[in-house]
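One-letter residues, chain by chain:
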Amino acid sequence: MMSMSPRPELLSPAGSPSHLDYAFAYGADAVYAGLPRYSLRVRKGGFDAASLATGIATAHDLGKRFYLAVNLMPHGAKLRTFVDDIGALVALGPDALIMADPGLIMLVRERWPELPIHLSVQANTVNAAAVRFWAAQGVERVILSRELSLDEIAAIREACPDTELEVFVHGALCIAYSGRCLLSGYFNHRDANQGVCTNACRWRYRLGEVGGAEPEFVLEEGERPGEYMPVFEDEQGTYIMNSRDLRAVEHVARLIEIGIDCLKIEGRTKSDYYVARTAQVYRQAIDDALAGRAFRVDLLEALEGLANRGYTEGFYRRHGADPALQNYDCGASRNQRQLFVGEVLAVRDGWAEVAVRNRFARGDQLELMSPGGNHPFRLEALSDREGAPLEVAPGAGWTVRVRLPEGVVPGARALLTRAV
């Protein structure tokens, strides 16, 4: 049996208090969240100071951890108010701050020298010397760049045995080094490093050629006809593409063997279902690896049920120039196998009251997903809240009753999915 390191932390995104509840219910050890002004998720501010206080207290009551993202690269206007603004949040007792900007790190170290700091992936740490540098600045944990292979991560672990290391195992990938893309700022004046990226890399582009003594290729974005951008290429290729999403669940055992301290899931703007499913799947993968059990292929299939742009292992294993690693067909996420259709509100006498999120109908193949386990079944009976029979739950805004399989009593935070 493979010799395993101590149990790594499973870290889930919490874009809202609801995300936090689902993450912990489905197996996460910790969550990360932030406030819009100083984190990289301005577009969906699910937390305010009051709910952060509640979230941190909830995590600690459960014996879990709560990390506060303060990971943007601030311009001068934000720098002037930073210490005063962040002081109220530090007083709430987060277990660490996730930070990227050296100046902000310096200010925090000066004001709160005992507060743990985790270096954000935005700092693009790709070698052991950089890890040692940040450790010397008082950083407790380094979140390594997504652009590293498993062998490179192992080499950093060996060279830096005394610094906690964290890696991403699931979620969206940037087309540039994480957060360094300029497209959104160029097109929309919405800077990725200020938390307002518009994912311009996923828009539809047309490749053309302009004449001259030395013709060059240009890109034209679908909504901006006549605006041409030169395409520059070096030995690494071009840089405006639509990356598939990272899925590294099959590498969990190797990452544990290497000695990684934390496995992180991206997705603070995703749904409760996404948070629950990813926590459940990666919790199972971690537990299986630690117990010496073989990898379960059905974990890959479970993640296919999430909206995604197609999956890739990212840089964990080096590949040739395989076009399948990029998605050239569609910039939007699609559900491949399952669709999240409802949230279970209550269970009584074998019936579940369900807040409908997407259409489903009597006769559909459903899965009841709960922290205690998942139960596939065919929907035989469906009614409205008063008990009148229904053939279809049309979509969001409806609350219906679903007949559950005999003997199945889900706990809190149960969800329904439909086979696509």
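Everything discussed here concerns the structure shown above.
Remember, it's a predicted structure, so these values are computed and weren't measured experimentally. (Residues numbered from 1 in each chain as written. Predicted model: local features only at pLDDT ≥ 70, side-chain atom pairs only at ≥ 80, totals over all residues. Heavy atoms only, no water.)

1. Some remarks on the pattern of salt bridges
Now for step 1: The final tally for this structure, using the stated rule, is 19 salt bridges.
Now for step 2: The closest approach of N and O atoms between Glu9 and Arg141, which form a salt bridge, is 2.9 Å. With Glu9 in strand 1 (residues 9–13) and Arg141 in strand 6 (residues 141–143), this pair connects stretches of sequence that are 132 residues apart. In this pair, the class of Glu9 matches that of Arg141, namely buried.
Now for step 3: The salt bridge involving Arg254 is made with Asp151; its shortest N-O contact spans 3.3 Å. Pair noted here: Arg254 is in helix 8 (residues 252–258) and Asp151 is in helix 6 (residues 150–159), with a separation of 103 residues, a long-range link.
Now for step 4: On the basis of relative accessibility, which here comes to 30%, the residue Arg254 falls in the partly exposed class.
Now for step 5: Taken together, the shared-partner salt bridges in this structure form one network comprising Glu9, Arg65, Arg141, Glu164, Glu166 and Lys264. (Salt bridge = Lys/Arg side-chain N within 4 Å of Asp/Glu carboxyl O. Helix = DSSP H or I, 4+ residues; strand = E, 2+ residues; numbered from the N terminus. Buried < 20%, exposed > 50% of the residue type's maximum accessible area, 1.4 Å probe, protein only.)

2. Points about the environment of Leu104
Now for step 1: Among the structural elements, Leu104 can be located in helix 4 (residues 102–111).
Now for step 2: When its relative accessible area of 1% is taken as the criterion, Leu104 is described as buried.
Now for step 3: Separated by 25 residues in the primary sequence, Leu104 and Leu79 place their C-alpha atoms 7.9 Å from one another.
Now for step 4: For Leu104, the residues in contact, after removing those within four places along its chain, are Leu72, Pro74, Leu79, Phe82 and Met99. (Contact = heavy atoms within 4.5 Å.)

3. Considerations on the packing of aromatic side chains
Now for step 1: Enumeration according to the criterion identifies four aromatic pairs in this entry.
Now for step 2: Taken together, a centroid distance of 6.1 Å and an interplanar angle of 90 degrees make the contact between Phe47 and Phe66 edge-to-face. Taken as a pair, Phe47 in the loop between strand 2 (30–33) and helix 2 (49–61) and Phe66 in strand 3 (residues 65–70) lie far apart in primary sequence, 19 residues in all. In terms of burial, Phe47 and Phe66 fall into one category: buried.
Now for step 3: Between Phe133 and Trp134 the ring centres are 5.1 Å apart and the planes differ by 80 degrees, which places this aromatic pair in the edge-to-face class.
Now for step 4: Above the face of the Tyr32 ring, Lys264 is positioned so that its terminal group lies 4.3 Å from the ring centre.
Now for step 5: The ring of Trp351 carries Arg401 above its face, with NZ or CZ at 4.5 Å from the centroid. (Phe/Tyr/Trp six-rings, centres within 6.5 Å; stacked < 30°, edge-to-face > 60°. Lys NZ or Arg CZ within 6 Å of the ring centre and 35° of its normal.)

4. Considerations on the nonpolar core
Now for step 1: Judged by nonpolar contacts, the single largest core of 89 residues is most densely connected at Phe66, Met99, Leu144, Ile153, Val167, Leu255 and Tyr282.
Now for step 2: At ten residues, helix 9 (residues 272–290) tops the list of elements feeding residues into this core.
Now for step 3: Looking at this core, you find at least three residues from each of domain 1 (9–174 + 244–312) and domain 3 (338–419).
Now for step 4: With sequence-adjacent residues up to four places away left out, Phe66 is seen in contact with Leu20, Val31, Ala33, Phe47, Leu52, Gly55, Ile56, Ala59, Pro94, Asp95 and Ala96.
Now for step 5: One finds Ala352, Val354, Leu404 and Ala414 within the second-largest nonpolar core, a separate group that totals 20 residues. (Core = buried A, V, L, I, M, F, W, Y, C linked by side-chain atoms within 4.5 Å. Domains from an automatic or database assignment.)

5. Notes on the sheet that holds strand 24 (residues 415–419)
Now for step 1: Read from one edge to the other, the open sheet built from seven strands follows the order 20-19-24-16-17-23-21, with strand pairing classed as antiparallel. Each having just a single partner strand, strand 20 (373–378) and strand 21 (382–384) make up the two edges of the open sheet. The mean inter-strand angle of the sheet, taken between neighbouring strand axes irrespective of direction, is 35 degrees.
Now for step 2: Pairing analysis gives three bridges linking strand 21 to strand 23 (residues 399–403), with the strands arranged antiparallel. Residue pairing in the sheet places Leu382 in a bridge with Val402 of strand 23.
Now for step 3: Packed on one face of the sheet, helix 9 meets strand 16 (338–348), strand 19 (365–370), strand 20 and strand 24 and runs near 75 degrees to strand 19. (Pairing = 2+ DSSP bridges. Axes fitted to C-alpha atoms, helices over the stretch in contact; angles between N-to-C directions.)

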